[in-house]
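Coordinate inspection notes
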Amino acid sequence: MKFSYEWLRELVPGLDVPPAELTARITMKTAECEGVESFAPWLERVCAARVIEVTPIEGSHNVVARIDAGPEFGERQVVCGAPNCRTGLVTAYVPAGLSLGSRQIRRALVAGHDSDGMLASGAELGINRDAEGVLELPQDTAPGTAVAAPDWVIEVDNKSLTHRPDLWGHHGMAREVAAFSGLPLKDPVDLTLVPAAGHEWTVEIEDFAAAPRYSALVFENVTVGPSPAWMQARLEALDLNPISNIVDVTNLVMAELAQPMHAFDLDKLHGKKIIVRHAKEGESFAALNGESYTLAPRHIVIADESGAIALGGVIGGAGSAISAGTTRIVLESANFDAATIRKTSSELKLRTDASMRFEKAQDPVNTTRALARAVELFQDVSPGIRLVGGLIDAWKPAPAPAPIELPLDWLDQKLGLAVPAERVRAILESLEFRVEEARPGVFAVHVPSWRATKDITIKDDLLEEVGRVIGYAEVPLEAPLQPVRRPWVNRERLYHHEVREMTAAQGFTEVSNYSFVSEEMARRFGFAPDDHLRVANPISIEQGLMRLSLLPGMHRCVTENAKRFDEFRLFEIGSEIHKRAGALPDEIPHFMAALYRKQGDGSAALLELKRLADCLLPGAAARPAEARGYEHPARSAEVVWRGETLGRLYELHPALLEAGRAAVLDLDLRKAFEMGPEPKRYTPLRRFPGSSFDLSVVAGLRVLAGDLIASIRAATGECCDAVEYLYSYRGQPLAEDRQSLSFRITVSAADHTFSNEELTAIRNGVMDALRAQGFDLRA
């Protein structure tokens, strides 16, 4: 949001603070400023000049113009190439030696003729965007007078103004400046210019919740033309495009009072009734921007008997636009529900200066103030314009908010500074709050209408008003004395941190993906789009569904990184979002890790993720499971921990990758957290050394090492300390459908060291048990 420094000075008489210092004060007291820039400083030397005589230059489109530039410059001769340069024209003269931005104006010979300065267009001066010819000023403009004034533009961060609808206009910001500067505030509005209600035109509002107020005036004898140079310059400084005197007045009032307005060409309307209603399903609307929109009942339109003539709070219609031939207008000043306008603007991808203000919850009282200001400005920019009839107005005023009680001792305690009651009252009244003494030591504060739209509702808001105007730098740097309490600890979040740290320690890099997926992406992994929660207003078609799994996002990360790296490890902690009938969605935290290698058969990656699962869930086992559509048909398993299935370990189906192989580990963190860590029991160290022996078991290709380990442990009994899987072997002299799995078994006794005979008996017992289960053993 941009503010004109000179405009603020007009509204705050006596303000003499330099622009940079005022910018700093606004940042400290009201809203964060992003900077301050000078606007058209050359205008200080540009003046009006009358063309006395024009002489064409033979063989050139240029002409020699003799001009009267007023007392300071007198008569000058300039060469001009503008098509509208003519005798009697009053235009803008730029003297030689002046710089227009990066362009230096010099006295020079042009086509053999002396040119002392130049005649400039509005675009060259920076006061509008018209470069078709030199600027045309009113005929009664005296030569030598200033065309427009230079300015400074203060830019305020829009996010700082989200909660302050009144600060979207210069008068609201001027009120702030006046309050913290101790200066009076000038009100530019004369409400006596608005006639009493009563007109042959009427207005009907179908839903006051969506459109609390609609006010309008009718004017005739309108002349449409360019607005004065000062008005064009003021709008251009604020990045508002000057269009015509009528439209420029509506934009100027919006910039001054934060009240968007719109002018309709009365002769293009049908009937004498304006209807503010919800759009019809599928209703078509042609907007001023040249686009057509298909509307729905959730949108608000301004309509006449023939149909929609404006999209309420957003943009006017092309069919009722002001044109050069317009002689009668209906001037609208309305108020709309903030949420409705925000949703309409976002859904239609149509953000306008009007919608940005309405979606901040503007003040319904402001509609007639804006009309009064427009009446005054129209008299200046369109001579002869006449107001016809009275005010057209439909309004259902909201109940006045109850006064807020402000205990002064509470304020001192919360602020950390003793503020005299007189100063508190002065500050609040300078911001135009009405202050009464409810009882000794307690103020009853009445909130003005422009701050009562969800801005000031509780006494803490009033504390902020007092504190910021005083300046928080005045508050003593002393920490308040408060009892020390142990903070609440989010155990589940700490658990996620532990998982994150442990995984990173294994060489994995964390990624963070959007919680949104497309329908195409969901179908690719076998998820039905209708099972997903749909986003009401997605940013793009690629983000229309809430994810049911972390896999689509992880797959995208794998495919993108596979283009650049031959091997990598990734993990993500995020939520799966599942629909629930009649309740909020169920967000289940999940952990997913992926290990990709361009070379190899992928088995090592699966074993590495199995090891990671064992790190996160000590004792976790992988049990073969039926492969899902996105899993390798022969490499999928369930992760089982303490008898509960907590996730899956699998290799991605080869069709999902252009090259290489990727293994994936998916764990349900909610279930793992709820189960908690396995209770730890103390086991005394063995006093006597243990003994180890190796066994190689010949088994089928689908026999699991984990099952063999369980059988060995059962056969060994209580003396078993550990069973370690060593390696597997396939090849001669084994058959093609057989493999050899080698294990190291460590045993010990609590009261002695095993003798060779005892160790041999244990080994034979294990071998007998395995043979009984149908396994062969290799020597």
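Residues numbered from 1 in each chain as written. Predicted model: local features only at pLDDT ≥ 70, side-chain atom pairs only at ≥ 80, totals over all residues. Heavy atoms only, no water.

A word on the packing of aromatic side chains. In the structure shown here, the tally under the stated rule is 11 aromatic pairs. Between F527 and Y630 the ring centres are 6.3 Å apart and the planes differ by 45 degrees, which places this aromatic pair in the tilted class. Of this pair, F527 sits in the loop between α15 (519-524) and β29 (545-546) while Y630 sits in the loop between β32 (621-624) and β33 (631-641), placing them 103 residues apart in sequence. Following the ring pairs from residue to residue traces out a cluster consisting of F525, F527, Y630 and Y650. Sitting above the plane of the W395 ring, R213 keeps its charged end 3.9 Å from the centroid. Across the ring face of W410, the terminal group of K459 is positioned such that the distance to the ring centre comes to 4.5 Å. (Phe/Tyr/Trp six-rings, centres within 6.5 Å; stacked < 30°, edge-to-face > 60°. Helix = DSSP H or I, 4+ residues; strand = E, 2+ residues; numbered from the N terminus. Lys NZ or Arg CZ within 6 Å of the ring centre and 35° of its normal.)

Bringing the packing of helix α14 (residues 491-505) against helix α17 (residues 603-616) into the picture now. Where α14 meets α17, the closest approach of the two axes is 10 Å, and the angle between their N-to-C directions is 145 degrees. For the pair α14 and α17, the sense of crossing is right-handed. Contact with α14, carried on its side by V499, M502 and T503, involves L612, C615 and L616 of α17 and no other residues of that element. (Axes fitted to C-alpha atoms, helices over the stretch in contact; angles between N-to-C directions. Left-handed = near helix turned anticlockwise from the far one by under 90°. Contact = heavy atoms within 4.5 Å.)

Turning next to the sheet that holds strand β5 (residues 75-80). Taking strand neighbours across the sheet as the criterion, the five strands line up as β5-β4-β3-β6-β11 in an open arrangement whose pairing is antiparallel. Whereas interior strands pair on both sides, the edge strands pair on one side only; in this sheet they are β5 and β11 (118-120). The sheet shows a mean angle of 50 degrees between the axes of neighbouring strands, taken without regard to direction. As paired strands, strand β6 (residues 90-94) and β11 are joined by three bridges and run antiparallel to one another. From the neighbouring strand, A92 faces β11, where its bridge partner is A120. (Pairing = 2+ DSSP bridges.)

For the rest of this paragraph, the subject is the pairing of strand β19 (residues 300-304). A large share of β19 lies buried, amounting to five of its five residues. Burial of the side chains of β19 extends over both faces: I300, I302 and D304 are buried on one face and V301 and A303 on the other. With four bridges joining them, strand β16 (residues 273-278) and β19 adopt antiparallel strand pairing. Counterpart to R277 in the pairing with β19 is V301. (Buried < 20%, exposed > 50% of the residue type's maximum accessible area, 1.4 Å probe, protein only.)

Further remarks concern empty space enclosed by the protein. Enumeration over the complete set of coordinates arrives at one cavity of 30 Å³ or more. Approximately 30 Å³ is the volume found for the largest cavity. Contributions of two or more residues to the lining of the largest cavity are made by α14 and α18 (669-675). Per-class residue counts for the lining of the largest cavity are seven nonpolar, no polar and no charged. (1 Å grid on protein atoms, 1.4 Å probe; cavity = no way out; pocket = protein on both sides within 12 Å on 5 of 7 lines; lining within 4 Å. Points joined across faces, edges and corners; volume = space filled by probe spheres on them. Nonpolar A, V, L, I, M, F, W, Y, C, P; charged D, E, K, R; others polar.)

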